[in-house]
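In case you want the letters, here they are:
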Amino acid sequence: MSGCEELSEKERRHKERTRKHKAVVDAKIAAATIDKGLVLVLTGNGKGKSSSAFGMVARMLGYGRTAAVFQFIKGKEDVGERAFLSRQAGVIWENCGEGFTWETQDLRRDIATARAGWKKARQALADPSISLVVLDELTYLVNYRYLSLDEVLPPIRDRPEMQHVVITGRAAHADLIDLADTVSAIRDEKHAFRAGVRAQQGIDL
Ligand code: ATP
Ligand code: MG
């Protein structure tokens, strides 16, 4: 067999394989016909949870739709996502946190801040004009018991039919995972911080 014949046999088999693959993928795409508001949980110890949520905010704005972001823990206000996104038309931005407990060292205030934040988030979760609600670092409020699951789950479950919700934070409670349609647990394989690199603008904040 000449080199040319060998190549054309390889090409033929490649074409056949990719044709079969395409048929399988096309059938799966054709079978997915439902449109609905989703709950996404982005959890795990790896980097990429909140930044992924902000990516979805950008996507939503690209369609001229509205997004509401609730940052429950974030103490620092001068972060890149806030500087950019809070200025865009169609964005509601609420900072409802004053930092982690070890920074504030005031449990009573942390609980009051969390509850005030949740009250505002509940309004967004009842507003059908908001296409995407980001509950950034919500998992900690549940894990620290600042908010009970009985307070958190119903407003998410009963939200407008087409509204999407993204919940971020480590160690998501099993009930949040149960409620979600899509769950990603981001694994921490390596982080530059452990090599002594401080948080970098545009990457970490
Ligand atoms: P990002 O906002 O970058 O998507 P994240 O939401 O997944 O990160 P958080 O636990 O909320 O992660 O932490 C936010 C900050 O801490 C970011 O600056 C991020 O780079 C950093 N960070 C995230 N994971 C780790 C880690 N495993 N070790 C050290 N720093 C981390
Ligand atoms: Mg985060």
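This write-up is about the structure you can find in this document.

1. A few points about the nonpolar core
Part 1 of the reasoning: Residues Phe70, Phe72, Trp118, Leu135, Leu138, Ile156 and Ile167 are the most contacted members of the largest nonpolar core, which totals 31 residues.
Part 2 of the reasoning: Listed by contribution, the elements that provide at least two residues to this core are β1 (39–43), β2 (67–71), α5 (107–124), β4 (132–136), α6 (138–143), α7 (149–157), β5 (164–168) and α8 (174–179).
Part 3 of the reasoning: The contact partners of Phe72, leaving out residues within four places of it in the chain, are Cys96, Gly97, Ala114, Gly117, Trp118, Ala121, Leu135, Asp136, Glu137, Leu138 and Leu141.
Part 4 of the reasoning: Counting residues in hydrophobic clusters, the runner-up holds 16 residues, among them Leu40, Phe54, Val69 and Val166.

2. A look at the site of ligand 1
Part 1 of the reasoning: Neighbouring residues of ligand 1: 15 residues in total, closest Lys47, Gly48, Lys49, Ser51 and Asp204.
Part 2 of the reasoning: Interatomic distance of 3.1 Å between a backbone N/O atom of Asn45 and a nitrogen atom of ligand 1.
Part 3 of the reasoning: Between Gly46 and ligand 1, the recorded distance is 3.3 Å, taken from a backbone N or O atom to an oxygen atom.
Part 4 of the reasoning: Here ligand 1 has 580 Å² of accessible area as a free molecule, and 82% of this is covered by the chains.
Part 5 of the reasoning: Within the shell around ligand 1, the residues separate by chemical class into two nonpolar, six polar and seven charged.

3. Thoughts on the pattern of salt bridges
Part 1 of the reasoning: One pass over the structure, following the stated rule, counts 10 salt bridges.
Part 2 of the reasoning: The closest approach of N and O atoms between Asp26 and Lys22, which form a salt bridge, is 2.8 Å. Highlighted residues: Asp26 and Lys22, both in helix α1 (residues 3–31), separated by four residues, approximately one helical turn.
Part 3 of the reasoning: Taking relative accessible area as the criterion, Asp26 reaches 34% and is therefore assigned partly exposed.
Part 4 of the reasoning: In this structure, Asp181 and Lys36 form a salt bridge, with 3.0 Å as the shortest nitrogen-oxygen distance.

4. Here we look at the sheet that holds β2
Part 1 of the reasoning: Across the sheet, six strands lie side by side as β3-β2-β4-β5-β1-β6; this open sheet has parallel pairing. Only two strands of the sheet have a single neighbouring strand rather than two, namely β3 (91–95) and β6 (182–185). Ignoring strand direction, the axes of neighbouring strands in this sheet form an average angle of 10°.
Part 2 of the reasoning: Inspection of the sheet shows β1 paired to β5 by four bridges, in the parallel sense. Looking across to β5, one finds that Leu40 is bridged to Val166.
Part 3 of the reasoning: Contacts from α5 reach β2, β3 and β4 within the one sheet, and its direction differs from that of β2 by about 165°.

5. Section: the packing of aromatic side chains
Part 1 of the reasoning: Applying the stated criterion to the full structure yields five aromatic pairs.
Part 2 of the reasoning: With a centroid separation of 6.4 Å and an interplanar angle of 45°, the aromatic rings of Phe72 and Trp118 are classed as tilted. One end of the pair, Phe72, is in the loop between β2 and α3 (80–85); the other, Trp118, is in helix α5, and 46 residues separate them in sequence. Trp118 shares its class with Phe72; the two are buried.

Rules used throughout
Note that residues are indexed from 1 along each chain, following the sequence as it is written. Note on labels: chains are lettered from A, ligands numbered from 1, in written order. Under the rules for a predicted model, residues below a pLDDT of 70 receive no local features and side-chain atom pairs below 80 are neither given nor counted, while totals for whole chains, interfaces and linings still include all residues. The side-chain quantities take in all heavy atoms of the structure and omit both hydrogens and water. Here, the term nonpolar core denotes a set of buried Ala, Val, Leu, Ile, Met, Phe, Trp, Tyr and Cys residues that are joined through side-chain atoms within 4.5 Å. Here the term buried applies to any residue with accessible area under 20% of the maximum for its type, exposed to any over 50%, and partly exposed to those in between, with areas from a 1.4 Å probe on protein chains only. Numbering of helices and strands starts at the N terminus; helices are DSSP runs of H or I of at least 4 residues and strands are runs of E of at least 2. Should any heavy atoms of two residues lie within 4.5 Å, those residues are counted as being in contact. Only a single heavy atom is needed: when it lies within 4 Å of a molecule or strand, its residue is near that molecule or strand. Counted as a polar contact is a pair of N or O atoms within 3.5 Å, where, for protein atoms, one must be capable of donating a hydrogen and the other of accepting one, and residues adjacent in sequence contribute only when both atoms are in side chains. Working definition of accessibility: Shrake-Rupley area with a 1.4 Å probe, residue cover restricted to the visible protein chains. Throughout, the ten residues Ala, Val, Leu, Ile, Met, Phe, Trp, Tyr, Cys and Pro are labelled nonpolar, Asp, Glu, Lys and Arg are labelled charged, and all others, Gly among them, are labelled polar. The salt bridge definition used is simple: a Lys or Arg side-chain nitrogen within 4 Å of an Asp or Glu carboxyl oxygen. Here, any two strands with at least 2 DSSP bridges between them count as paired. Between N-to-C directions, angles cover 0 to 180 degrees, with each direction set by a line fitted to C-alpha atoms, over the stretch in contact for helices. In this analysis, rings of Phe, Tyr and Trp, with Trp reduced to its six-membered ring, are considered paired at centre separations within 6.5 Å, and the interplanar angle assigns stacked below 30 degrees, edge-to-face beyond 60, and tilted for intermediate values.

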